[in-house]
Amino acid sequence: MTGNGPQAASGQLAIEARGLVKRFEGVTAVDGVDLAVPSGSVYGILGPNGAGKTTTLRMMLGIIDPDSGYRRILGAERPHDVAHAIGYLPEERGLYPSMKATEAIAFLGALRGLPLREGRRRAHELLERHGLGHAASRQIRQLSKGMAQQVQILGTLVHRPRLVVFDEPFSGLDALNQGRLEAMMRGLAEEGTTVIFSTHVIAHAERLCDEVAIIAGGKVPFAGPVDLARDRIPAQVRLETRAADGPWRLALPAEARREGQFWHFALPDTGIEPLLRALIAGEAGILSLSIERAGLHDAFVAIAGAAAARALGDQTPEEMAR
Amino acid sequence: MSAEMPSGVHGRLSILSAAWVVARRDFTAILFSRTFFFFLLGPLFPVVVGALAGSVGSSVERSSARPEVGVIMTGADANAILRARDGLAERLGQGLPGLVVLERLAPGERADPSAALAGKRANIAAVLSGSPAAPVLTGPRAQIEAWSGDIALIAAQAEQGALAPWPPVRLQATASSQVSEHKARLRTAQAAQTLLFLLTMMLAGMVLSNLVEEKGNKIIEVLAAAIPMEAVFLGKLFAMLGVSLVGIAAWAAVGGGLYLAAGSALPDLPAPAVGWPMLVVLGILYFSMAYLLLGSVFLSIGSLAATVREVQTLSMPVTMMQLMLFFFATYAMTQPGSAVEIAAALFPFSSPFAMLARAAQDGAVMPHIGALLWQGAWVLLLVRVGSRLFRSRVMKSGGSRRRVRRALRRQSGGRRSGAAVE
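Going by an unreviewed UniProt entry, chain B carries the name ABC transporter permease and comes from Novosphingobium silvae. Regarding chain B, the UniProt comment filed under Subcellular location (unreviewed entry) reads as follows: "Membrane".

You'll find chain A entered in an unreviewed UniProt entry as ATP-binding cassette domain-containing protein, with Novosphingobium silvae given as the organism. Under the UniProt heading Sequence similarities (unreviewed entry), the entry covering chain A gives this text: "Belongs to the ABC transporter superfamily."

Below is the structure:
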């Protein structure tokens, strides 16, 4: 997780959205999304494919208009009014194949109001800094897919935006370049830039984000700090005892299950101390006991899975079991 | 919070500045592409095809002999007929039918003209028999009716013998008559209209393929996020207009060179009513308007289509419609001052054609200013509608209802089996 920029502490919002709805051909792609992205934070939008992440981002950026709802980006209700302060990397990457890398970056800057000459100067600088100096004069079609993607990312940043939106930025990148991109995103946040990215790879969000919004079936069942998402799932207790049976078993929660030598169960609401006392009194012979906090992945599966089922009118596994 | 200006950035681009960024990129990209090279060669294809067709046509014409009238008469009558025909031809030109003696009959001998017509020579279209005093023309009805006057004249002359002297006609030439001037200007108007139509069709197709290519490159979303779609549309339209004007300048230079080289060998077009310089200026302006109008329709079509095949399917009706409008404007040109001409001038898609034709026929300039403003307003309207259509139709990730439901079902399945959704 990155440290928050100074603006985050002041409580200002880079993006605020309430009740965003978008329908395509009778299908509701986004159904009442609320978001509040603090300035200077790294904010992840998590969701499975087809959940509505891209549509939400497109509405935020003014590429499409919501059917209903309210949005405010960098203080403006019309996103194009602040386009010069925003950088956007779409999920479907695209550059003109015949353009040279430098020109492509400068052109993306020019679209955001950066004069071409300054754009070219910065493009050279950025390409050198990121080890792509040798590609400056090469056409995009002559670059590898990964290099072209890096060029587009640099084009997204060339005008030094205050807010950067990445849609699935890690897809198509190898592990090395994924690491570099993570570092770049952290660097942006440290400089006070608000970074928003969508992903269906939880590990990236867990490493980078201050806050996340989980989207599933066009709804946002959770939005807030990562810690809060994790707290949705109680910590898991793993217990190993010398005694196979005894009165101590009565102290274990009813849903406790045995896997090999270990007992697994959710940490009781009363905490660990009463349980420990009961185990000792019941002579369980505790060999080991660990409490594991739920990861963002577990929280995501729990939250997004239930929401998706609701969107389809399906039953949850628990409902099916009953 | 307010959007503080990033360093070096000039701030929010106006629609025109944003359009300029797009137009500049497109203009240079197209100008240095193979597409532009083929665009420059474009006019050569009709010229080459026309030349080939002309040469084939003349060769066919040479091989098929001119229809003639076969003569079956007594030797004396046939000779008198031939003499009369040649004598008249000297005065009347080559309008008279050619005569070929098929058979010289002995006095009292009879022949069957129908049988002679059915046989042997392919270019004999009718047979003249009988005598100069009582000529009989045998052949297909249309042919003999067309020739009956000429044959009567020849027969009368043959009957008379020597040619009677004709009184000399004193010629008093004027520069032109009302009718000839009108006809001549109509020719100029037609030429201008046709040129305008061909250019417009060629360019509108180019702007369409340019947009489809853009969608293929996935760059369109980057553009749509940064600048208003109207600016993207305007930029693309004006870039292509710039490219086309460069192309026209190149063609004009080559055409001018050829004209100077060929000199008087080329056919002269009569001067238009507004004069050549003004017609050229109006031609450029009306070409721009016709192209912008059609181009914005094609851009809207391009936004609806995902593949080149879809583009072809969707653009076919527009092309046919454009062809009909061209014919409409051509027809209106022949009815100056009529309700048809006014309708053609008012309907935005036929207006540039109708007004250019009017410039060739009528010297008034003011109506053109009004027409250009009217057409410009339609361009703005179409760009606006097209860009809205584009935003509403293209930028959606969800796609079909079935695809969305499949995605949702996948989520549910993953959760059910306990699998991670990563």
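Read on for the rest.
### Structural notes on the overall build of chain B
Summing up its helical and strand segments, chain B has 15 helices and 4 strands in all. A buried classification covers 36% of the 422 residues belonging to chain B. Within chain B, contacts between residues at least 6 apart in sequence are counted, and of these 75% link residues at least 24 apart.

### Considering the overall build of chain A
A tally of regular secondary structure across chain A gives 11 helices and 13 strands. Judged by the C-alpha coordinates and their principal axes, chain A covers about 80 × 45 × 40 Å. Across the 322 residues in chain A, those meeting the buried criterion constitute 47%. If you take every contact in chain A between residues at least 6 apart in sequence, the share linking residues at least 24 apart comes to 73%.

### A word on the domain arrangement of chain A
Partitioning chain A into structural domains gives domain 1 (6-225) and domain 2 (236-292). When each unit is reduced to the centre of its C-alpha atoms, the spacing between domain 1 of chain A and domain 2 of chain A is 47 Å.

### Some words on the packing of helix H1 (residues 15-31) of chain B against helix H9 (residues 229-262) of chain B
Residue and element names in this part refer to chain B. Where H1 meets H9, the axes come as close as 7 Å, and the angle between the chain directions of the two elements is 40°. Between H1 and H9, the interaxial angle falls into the category oblique. Our pair here, H1 against H9, has a crossing hand that is right-handed. Within the contact between the two elements, H1 uses Ile15, Ala18, Ala19, Trp20, Val21, Val22, Ala23, Asp26, Phe27, Ile30 and Leu31 and H9 uses Glu230, Ala231, Val232, Leu234, Gly235, Lys236, Phe238, Ala239, Gly242, Val243 and Val246. Of the residues in the contact of H1 with H9, the class split is 17 nonpolar, 2 polar and 3 charged.

### Overview of the UniProt feature "transmembrane region" (unreviewed entry) in chain B
The UniProt record annotates "transmembrane region" (unreviewed entry) at residues 35-56, 195-212, 237-261, 273-294 and 365-386 of chain B. The span residues 273-294 of chain B shows a helical share of 86% and a strand share of 0%, and its end C-alpha atoms are spaced 27 Å apart.

### Description of the environment of Ala152 of chain B
Residue and element names in this part refer to chain B. With respect to the helices and strands, Ala152 occurs in helix H6 (residues 141-160). Residue class for Ala152 comes out exposed when judged on the 12 C-beta atoms lying within 10 Å of it. Each C-alpha atom of the pair Ala152 and Leu137 lies 9.7 Å from the other, and the pair is 15 residues apart in sequence.

### As for the domain arrangement of chain B
Each assigned domain of chain B is listed with its residue range as follows: domain 1 (66-160) and domain 2 (178-396). Relative placement of domain 1 of chain B and domain 2 of chain B: their C-alpha centres are 56 Å apart.

### Quick look at the UniProt feature "domain: ABC transporter" (unreviewed entry) in chain A
UniProt marks residues 15-242 of chain A with the feature "domain: ABC transporter" (unreviewed entry), using the numbering shown here. Between the end C-alpha atoms of residues 15-242 of chain A the distance is 55 Å, and the span holds 33% helix and 29% strand.

### Some details on the packing of helix H4 (residues 75-92) of chain B against H6 of chain B
All names here are of chain B. Packing of H4 against H6 leaves a shortest axis separation of 8 Å and a crossing angle of 110°. Comparing the axis directions of H4 and H6 gives the class roughly perpendicular. Two packed elements cross with a definite hand, and for H4 against H6 that hand is right-handed. Residues Ala80, Ile81, Ala84, Arg85, Gly87 and Leu88 of H4 touch H6, and the partners they reach there are Leu153, Ile154, Ala155, Gln157 and Ala158. Per-class residue counts for the contact of H4 with H6 are 8 nonpolar, 2 polar and 1 charged.

### A word on the nonpolar core
Counting 152 residues, the largest nonpolar core has Ile105 of chain A together with Leu223 of chain B as its most contacted members. Here the element with the most residues in this core is helix H10 (residues 276-304) of chain B; it accounts for 15 residues. Apart from the residues lying within four places of it in its own chain, the contact partners of Leu223 of chain B are Leu111 of chain A together with Val22 and Val232 of chain B. Formed by 21 residues, the second largest nonpolar core is a distinct cluster that contains Met73, Ile81, Ile154 and Ala155 of chain B.

### A short note on the sheet that holds strand S12 (residues 262-266) of chain A
Two modes of strand pairing occur in sheets, parallel and antiparallel, and in both the strands are linked by backbone hydrogen bonds. All names here are of chain A. The antiparallel open sheet is built from 4 strands, whose spatial order is S11-S12-S10-S13. The open sheet has two edge strands, strand S11 (257-259) and strand S13 (286-292), and neither has a second partner. Direction aside, the axes of adjacent strands within the sheet are offset by 25° on average.

### Side note on the confidence of the model for chain A
Residues and elements named next belong to chain A. Confidence in the prediction for chain A averages 87 pLDDT; 91% of positions are at 70 or higher. Confidence, expressed as mean pLDDT per element, reaches its minimum in chain A at helix H1 (residues 6-9) with 41 and its maximum at helix H3 (residues 101-111) with 96. Low pLDDT (under 50) marks residues 311-322, which in the prediction has 13 contacts with non-local residues, meaning those over four places away or in another chain.

### Brief notes about unusual backbone geometry
Residues and elements named next belong to chain A. In this structure, Leu74 is a non-glycine residue whose phi angle is positive, near 50°. Take Leu74: it is sitting in the loop between strand S4 (68-73) and strand S5 (86-89). On the basis of neighbour count, Leu74 is assigned to the buried category, with 24 C-beta atoms found within 10 Å. Phi at Glu283 takes a positive value of approximately 55°, unusual for a residue other than glycine. Residue position: Glu283 is located in the loop between helix H9 (273-281) and S13. With 13 C-beta atoms counted inside 10 Å, the residue Glu283 sits in the partly exposed group.

### A closer look at the pairing of strand S8 (residues 211-216) of chain A
Residues and elements named next belong to chain A. Within S8, 6 of the 6 residues are buried, which leaves it mostly tucked inside the rest of the structure. The alternating pattern of S8 places Glu211, Ala213 and Ile215 on one face and Val212, Ile214 and Ala216 on the opposite face, and all of these are buried. Bridging between strand S3 (residues 42-46) and S8 involves 4 bridges; their strand directions are parallel. Residue pairing for S8: Ile45 is matched across the bridge by Ala213. Adjacent in sequence and paired antiparallel, S8 and strand S9 (residues 219-225) are bridged by 2 residues, among which Gly217 carries a positive phi angle near 60°.

### Side note on the environment of Gly235 of chain B
Within the fold, Gly235 of chain B resides in helix H9. Separated by 209 residues in sequence, Gly235 of chain B and Asp26 of chain B place their C-alpha atoms 8.0 Å apart.

About the criteria used
- Residues numbered from 1 in each chain as written.
- Chains lettered and ligands numbered in written order.
- Predicted model: local features only at pLDDT ≥ 70, side-chain atom pairs only at ≥ 80, totals over all residues.
- UniProt positions renumbered as here; feature names shortened; annotations may be inferred.
- Helix = DSSP H or I, 4+ residues; strand = E, 2+ residues; numbered from the N terminus.
- Buried ≥ 20, exposed ≤ 12 C-beta atoms within 10 Å, placed from the backbone.
- Contact = placed C-beta atoms within 7 Å.
- Domains from an automatic or database assignment.
- Axes fitted to C-alpha atoms, helices over the stretch in contact; angles between N-to-C directions.
- Parallel < 35°, antiparallel > 145°, perpendicular 65-115°, else oblique.
- Left-handed = near helix turned anticlockwise from the far one by under 90°.
- Nonpolar A, V, L, I, M, F, W, Y, C, P; charged D, E, K, R; others polar.
- Core = buried A, V, L, I, M, F, W, Y, C linked by C-beta atoms within 7 Å.
- Pairing = 2+ DSSP bridges.
- pLDDT = per-residue confidence, 0-100.

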